[in-house]
Amino acid sequence: MATAVINPRVKDEIARLSQSQNVDPKVLEQFANFVIQENYILKNKRSTQELSISAVKQAVYHYFKVKNTQELKKSGLFRMSTDGMDTLDFRLASTWKMLYRKFVGVLPNEKNQEGYGCINGINIFDYFKPWRVFGLNPKIATKEDIKKAYYNLAKIYHPDNPTTGDRKIFEQIDIMYQSIIEVF
């Protein structure tokens with residue numbers, strides 16, 4: 001197994017722990033290497049696996065705390081959450097995937113997407129995940145971090161940019177920016 005690249009901050013922490021806890025730094029480096037490689041394997045395994053429609057349905061049921069489609073249709077929380085959406089056809093896989101995207105999260109096979117409308121691995125037309133699109137952690141991001149991330153994306157996608165400008169993408173970015181800046 002190849003050795004992973006260990007972040008300099010992690011190396012500093014290994015050195016600190018090694019001294020303060022009297023532990024061989026090679027043991028800590030081996031452990032860090034193991035964690036990095038396992039995380040990489042799990043991430044890539046998850047990102048390529050497609051969930052069955054049955055698994056997608058079960059995740060939606062779990063989110064709304066129901067057991068089946070009949071209970072889902074009767075659920076007040078579900079009706080309130082989907083109010084204003086187009087009529088849902090529960091016979092279609094696309095309906096279930098849309099519900100999963102909206103309420104559960106990113107489908108495993110749609111992580112790290114590339115191509116038109118994909119920013120930081122998220123297709124902004126399928127998902128409303130502003131924090132991921134902006135590459136920020138909502139627990140520690142400051143208003144300045146949000147503005148900076150927005151500005152960097154705006155420079156690329158603003159319609160006035162003759163090379164990379166795109167009105168549809170910029171509008172989605174702007175909506176995402178407005179939604180997260182409101183909390184500050």
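Up top you'll find the structure we're talking about.
On a predicted model such as this, the values are computed, not experimentally measured, just so you know.

A. Fine view of the overall build of the protein. Each helix and strand in the protein was counted, giving nine helices and two strands. The secondary structure elements of the protein, listed N-terminal to C-terminal, are α-α-α-α-α-α-β-β-α-α-α. The globule rule puts the C-alpha radius of gyration for 184 residues at 16 Å, and the 21 Å found for the protein is more than 25% above it. For the protein, the spread of C-alpha atoms along the three principal axes comes to 60 × 50 × 30 Å. A separation threshold of at least 6 residues defines the contact pool for the protein, and within that pool the share at least 24 residues apart is 46%.

B. Up close: the environment of Thr-87. In this fold, Thr-87 is placed in the loop between helix H5 (76-81) and helix H6 (93-104). Each C-alpha atom of the pair Thr-87 and Lys-111 lies 27 Å from the other, and the pair is 24 residues apart in sequence.

C. The nonpolar core, seen in detail. Of all hydrophobic cores here, the largest spans 38 residues; its most connected members are Leu-72, Trp-96, Leu-99, Ile-119, Val-133, Phe-134 and Ile-173. Counting residues per element, the ones that place at least two in this core are helix H3 (53-64), H6, helix H7 (130-134), helix H8 (143-157) and helix H9 (167-181). The element contributing the most residues to this core is H9, with seven residues. The residues contacting Leu-99, other than those within four sequence positions of it, are Val-60, Phe-78, Thr-82, Leu-88, Phe-90 and Val-104.

D. Highlighting unusual backbone geometry. Phi is positive for Asn-112, close to 60°, though the residue is something other than glycine. Structurally, Asn-112 can be placed in the loop between H6 and strand S1 (118-119). At Asn-120, a position not held by glycine, the phi torsion is positive, near 50°. With respect to the helices and strands, Asn-120 occurs in the loop between S1 and strand S2 (122-123).

E. Molecular detail of the pattern of salt bridges. A full pass over the atoms with the stated rule returns four salt bridges. Here Arg-91 makes a salt bridge to Asp-89, at a shortest N to O gap of 2.8 Å. Among the residues examined, Arg-91 registers a relative accessible area of 74% and is labelled exposed.

F. Focus on a nonpolar patch on the surface. Residues Phe-31, Phe-34 and Val-35 make up a contiguous nonpolar surface patch of roughly 300 Å² in combined accessible area. Note on placement: Val-35 falls in helix H2 (residues 25-48).

Criteria and thresholds
- Residues numbered from 1 in each chain as written.
- Predicted model: local features only at pLDDT ≥ 70, side-chain atom pairs only at ≥ 80, totals over all residues.
- Heavy atoms only, no water.
- Helix = DSSP H or I, 4+ residues; strand = E, 2+ residues; numbered from the N terminus.
- Rg over C-alpha atoms; globule rule 2.2 N^0.38 Å.
- Contact = heavy atoms within 4.5 Å.
- Core = buried A, V, L, I, M, F, W, Y, C linked by side-chain atoms within 4.5 Å.
- Buried < 20%, exposed > 50% of the residue type's maximum accessible area, 1.4 Å probe, protein only.
- Salt bridge = Lys/Arg side-chain N within 4 Å of Asp/Glu carboxyl O.
- Patch = residues over 30% accessible without salt bridge, like charges linked within 9 Å, V, L, I, M, F, W, Y side chains within 5 Å.
- Areas by Shrake-Rupley, 256 points an atom, 1.4 Å probe, with all protein chains shown as cover.

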